[in-house]
Structures are given as C-alpha cells and as structure tokens.
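Given next are the chains, with one letter for each unit.
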Amino acid sequence: MMNRTQKNDYGIVIFKEGTPPGERRKAMFFFTVLSLIILGQACYWLVANSVEPIVLGMPFGMFTVVILIVLEFVALAAMYLLEPKEAPQTGEQR
C-alpha cells in the first residue's frame, strides 16, 4: 500500500514550482496566440481559397500565408523581448 504522503510523480507538469502568476499568465497567453496562428496556417484555405483579390502582387491565398508567418514572427519577437533577463553570473569559467 502506498503512503499518502508520498509524492505522485505521474502527470504533466506545465510550470515549475514557484513560477509567479504573472509569468504563468504571460506564458499561457503566448501559447494560446501561437497555437491559434498555427491553426490558422493549417486551415487558411477555408477562408483564402481564391486567387482573385491580388494583394501586393500575390494571390490572396499566398498573401494569407505570408501574413500568418509575419504574425508568428512578431509574436515570437515579443515573447523574446518580454522574457525575464538573467543576472550575469560571477565566477571563473574553466
């Protein structure tokens, strides 16, 4: 019989223990945004299944893919810029 005080190591851990609520909220926001962009890239043809509106010299379907890639780049750049900066470590390196 297992002791009830024993820690159960089964399951998925999303955040490390001690992660502040603000960092959790930010991570979940970026996860949601990037997931929606990737879903849009997989299903863009449902709304952009035409050639006719030529936008910036590209067919509408190609323009939609380019816009989704640019949105993903902007979201990743924002996530990188909002990442907490680590304090420089002192000490000798070997």
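Not measured: the values here are computed from a predicted model.

(A) Structural view of the overall build of the protein. Scanning the protein from N- to C-terminus turns up 2 helices and 0 strands. Across the protein, the fraction of contacts at a sequence separation of at least 24, relative to all contacts at a separation of at least 6, is 52%. Surface summary for the protein: the accessible area is close to 8,800 Å², and the carbon and sulfur share equals 65%.

(B) Spotlight on unusual backbone geometry. Phi at Leu56 takes a positive value of approximately 55°, unusual for a residue other than glycine. Relative to the assigned elements, Leu56 resides in the loop between α1 (21-43) and α2 (60-81). A relative accessible area of 73% places Leu56 in the exposed class.

(C) Layout of α1. Counted at 1.5 Å a residue, the expected span for α1 with its 23 residues is 33 Å, and the 33 Å between its end C-alpha atoms agrees. Among the residues of α1, those classed as buried are Phe30, Leu34 and Ile37. The secondary structure elements touched by the buried residues of α1 are α2.

(D) Here's a closer look at the side chain of Thr64. The residue Thr64 is located in helix α2 in this model. Taking relative accessible area as the criterion, Thr64 reaches 15% and is therefore assigned buried. Among the polar contacts made by the side chain of Thr64, one reaches the main-chain carbonyl oxygen of Phe60 at a distance of 2.8 Å. If we ignore the near neighbours within four places in the chain, the residues touching Thr64 are Tyr44 and Ala48.

(E) Examining α2 more closely. In this model α2 runs 31 Å from its N-terminal to its C-terminal C-alpha over 22 residues, within 8% of the 32 Å that 1.5 Å per residue would give. Taken as a whole, α2 has its buried residues at Gly61, Phe63, Thr64, Leu68, Glu72 and Ala75. For α2, the elements touching its buried residues are α1.

(F) Quick look at the side chain of Glu72. Here Glu72 lies in helix α2. In this structure Glu72 is buried but unpaired, with Lys26 as the nearest side chain of opposite charge at 18 Å. Only 3.2 Å separates the side chain of Glu72 from the side chain of Gln41, close enough to count as a polar contact. In contact with Glu72, other than residues within four places in its own chain, are Leu34, Ile37, Ile38 and Gln41.

(G) Representation of a nonpolar patch on the surface in the model. Judged by side-chain polarity, Met62, Val66, Val70, Phe73 and Val74 come together as a nonpolar surface patch covering roughly 460 Å² of accessible area. Examined against the element boundaries, Val74 turns out to sit in helix α2.

Reading the values: rules and limits
Residues numbered from 1 in each chain as written. Predicted model: local features only at pLDDT ≥ 70, side-chain atom pairs only at ≥ 80, totals over all residues. Heavy atoms only, no water. Helix = DSSP H or I, 4+ residues; strand = E, 2+ residues; numbered from the N terminus. Contact = heavy atoms within 4.5 Å. Areas by Shrake-Rupley, 256 points an atom, 1.4 Å probe, with all protein chains shown as cover. Buried < 20%, exposed > 50% of the residue type's maximum accessible area, 1.4 Å probe, protein only. Expected span 1.5 Å × (residues − 1). Polar contact = N/O pair within 3.5 Å; in protein donor to acceptor, adjacent residues only side chain to side chain. Lys, Arg positive; Asp, Glu negative; His and termini not counted. Salt bridge = Lys/Arg side-chain N within 4 Å of Asp/Glu carboxyl O. Patch = residues over 30% accessible without salt bridge, like charges linked within 9 Å, V, L, I, M, F, W, Y side chains within 5 Å.

Shape is all these values report; function is a separate question.
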